[in-house]
Amino acid sequence: MRSRTPALGPALALAFTISWGAASATDEPWVAPPEARALHSPYPSSSLSRERGAALFAKHCTSCHGAGGRGDGEAAGDLKVRPADLTDPARIGALSAGEIFWKIGHGRNPMPPFGRILPDLDLWHLVDHVLALSGRTVDRVERADLGRRQIFDLPCP
């Protein structure tokens, strides 16, 4: 597991955004490769995962996506490409958890490739949070694959 200095997260995100420059900004649809659709989290989706994802989102994503994930963050107005509205069920509903994982990990200007600064576990926590923002929790296929591990979603007595 990688160790990060707390203050570096936002600074690294800003540095990636600035260093990419306008050359890779595009209005073309952002499509993950077909193999990304088949990716499934090796970790069970849970309220704890969504809480960790919310904390990571607050640290790394709100400056552009906004606290509620609507693409209305403080830095959004300065970007050539508007950040996605992650609360839009049509937008997020069309993506598998694997595609969201791939997009967070690889990024696209002006969004940095968070896979370079965050471990996979944290990327999956972010996926759980993004799915929750749009009203989803986990893909049906993944939920079926979890089988007995769904006990982690049950409240403690």
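This structure is a prediction, so every number in the text was calculated from the model and none was measured. (Residues numbered from 1 in each chain as written. Predicted model: local features only at pLDDT ≥ 70, side-chain atom pairs only at ≥ 80, totals over all residues. Heavy atoms only, no water.)

**Looking at the packing of helix α6 (residues 97–106) against helix α7 (residues 120–133)**
We count it as follows: Axis definition: a line fit to C-alpha positions, over the contact stretch in the case of helices; interaxial angles, taken between N-to-C directions, run 0 to 180 degrees. Numbering goes from the N terminus for both helices and strands, where a helix is a DSSP run of H or I of at least four residues and a strand is a run of E of at least two. Note that the term roughly parallel is reserved for angles under 35 degrees, roughly antiparallel for angles over 145, roughly perpendicular for angles of 65 to 115, and oblique for everything else. Rotating anticlockwise by less than a right angle from the far helix to the near helix defines a left-handed crossing, while the corresponding clockwise rotation defines a right-handed one. The criterion used for residue contact is that any of the two residues' heavy atoms lie within 4.5 Å. Under the scheme applied here, ten amino acids are nonpolar (Ala, Val, Leu, Ile, Met, Phe, Trp, Tyr, Cys and Pro), four are charged (Asp, Glu, Lys and Arg), and all others, including Gly, are polar.
The interhelical angle for the contact between α6 and α7, taken along N-to-C directions, is 120°, at an axis separation of 9 Å. Classified by the angle their axes make, α6 and α7 are oblique. Relative to α7, α6 is oriented so that their crossing is right-handed. Between α6 and α7, the residues in contact are Ala97, Gly98, Ile100, Phe101, Ile104 and Gly105 and Asp120, Leu123, Trp124, Leu126, Val127, Val130 and Leu131, respectively. Its residues placed into classes, the contact of α6 with α7 shows 10 nonpolar, 2 polar and 1 charged.

**Side note on the nonpolar core**
Cut-off, in case you're wondering: Among buried residues, those of type Ala, Val, Leu, Ile, Met, Phe, Trp, Tyr and Cys that are joined through side-chain atoms within 4.5 Å constitute a nonpolar core. Working definition: with a 1.4 Å probe on protein chains only, accessible area under 20% of the residue-type maximum means buried, over 50% means exposed, and in between means partly exposed.
Counting residues in each nonpolar core, the largest one holds 20 residues, and the members touching the most others are Ile100, Ile104, Phe114, Leu118, Leu126 and Val127. Of all the elements in the fold, those that place two or more residues in this core are α3 (47–60), α6 and α7. In terms of residues, this core owes the most to one element, α7, which gives 6 residues. With residues near it in sequence (within four places) discarded, Ile104 still touches Met111, Pro112, Pro113, Phe114, Gly115, Leu123, Leu126, Val127 and Val130.

**Things to note about the packing of α3 against α7**
Look at α3 against α7: their axes get within 7 Å of each other, and the N-to-C directions meet at 95°. Here α3 lies roughly perpendicular to α7, going by the angle between them. Facing α3, whose interface residues are Ser49, Arg50, Arg52, Gly53, Ala54, Leu56 and Phe57, α7 presents Asp122, Trp124, His125, Leu126, Asp128, His129, Ala132 and Leu133. Residue composition of the contact of α3 with α7, grouped by class: 7 nonpolar, 4 polar and 4 charged.

**Overview of α7**
We apply this condition: Expected span, for any helix, means 1.5 Å times one less than how many residues it has.
Spanning 14 residues, α7 covers 20 Å between terminal C-alpha atoms, matching the ideal 20 Å at 1.5 Å per step. Counting buried positions along α7 gives 10 out of 14 residues, so the element sits mostly inside the fold. Within the sequence span of α7, burial applies to Asp122, Leu123, Trp124, His125, Leu126, Val127, Asp128, His129, Val130 and Leu131. Just beyond α7, the residue with positive phi is Gly135, at close to 95°.

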